[in-house]
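Examining the three-dimensional arrangement
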Amino acid sequence: FADDFHLHLRDGKVTASCLKQMKGIGRAIIMPNLKPPVVNTKMALAYRERILKGLPEGMEFTPLMTLYMTDKTSPDDIKEAKASGHVHYCC
């Protein structure tokens, strides 16, 4: 399977539709610029769960979650994200 290094899945009903088009992609760096943006680990993990629930049956896909960094992002936010094991990047 290939990797996608910049994927916008959006949120809601559109997510499942996007995932159906992901044939041959095994994992992707998920862009955090939703409305509102994914700015902390709690939001990233919730978005990850929504993505996983939207996967077509039998599809293997690993979303590599990211945080949308702002002037309020603290070093502790980044440490928490890393410790989660599911948030891999900050944009």
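Residues numbered from 1 in each chain as written. Predicted model: local features only at pLDDT ≥ 70, side-chain atom pairs only at ≥ 80, totals over all residues. Heavy atoms only, no water.

What to know about the sheet that holds strand 1 (residues 2-7)
Backbone hydrogen bonds hold the strands of a sheet together, and the pairing may be parallel or antiparallel. Pairing is parallel across the open sheet formed by four strands, whose spatial order is 1-2-3-4. With one partner strand each, in any of the chains shown, strand 1 and strand 4 (87-90) form the two edges of the open sheet. For this sheet the average axis-to-axis angle between neighbouring strands, irrespective of direction, equals 25°. With three bridges joining them, strand 3 (residues 62-67) and strand 4 adopt parallel strand pairing. What sits directly across from Leu67, in strand 4, is Cys90. Sitting on the sheet, helix 2 (residues 41-53) is in contact with strand 2 (25-30), strand 3 and strand 4, with an inclination near 155° to strand 3. With respect to the sheet, helix 3 (residues 75-84) is in contact with strand 3 and strand 4, its orientation differing from that of strand 4 by roughly 145°. (Pairing = 2+ DSSP bridges. Helix = DSSP H or I, 4+ residues; strand = E, 2+ residues; numbered from the N terminus. Axes fitted to C-alpha atoms, helices over the stretch in contact; angles between N-to-C directions. Contact = heavy atoms within 4.5 Å.)

Some details on the side chain of Thr66
Mapped onto the secondary structure, Thr66 falls in strand 3. Within polar-contact distance, the side chain of Thr66 engages the backbone oxygen of Ile30 at 2.5 Å. Not counting the four nearest positions on each side in its chain, Thr66 is found in contact with Ile29, Ile30, Met31, Pro32, Val38, Ala44, Val87, Tyr89 and Cys91. (Polar contact = N/O pair within 3.5 Å; in protein donor to acceptor, adjacent residues only side chain to side chain.)

Notes on the pairing of strand 3
Regular strands show a simple pattern: their side chains alternate between the two faces of the sheet. The buried fraction of strand 3 is high, at five of six residues. In terms of strand pairing, strand 2 meets strand 3 through three bridges, oriented parallel. Across the sheet, residue Arg27 finds its bridge partner in strand 3, namely Thr62. (Buried < 20%, exposed > 50% of the residue type's maximum accessible area, 1.4 Å probe, protein only.)

Some points on the pattern of salt bridges
What the rule picks out here adds up to three salt bridges. In this structure, Glu49 engages Arg48 in a salt bridge whose closest nitrogen and oxygen atoms are separated by 3.5 Å. The exposure class of Glu49 is partly exposed, given its relative accessible area of 39%. Using a relative accessible area of 15% as the deciding quantity, one classes Arg48 as buried. (Salt bridge = Lys/Arg side-chain N within 4 Å of Asp/Glu carboxyl O.)

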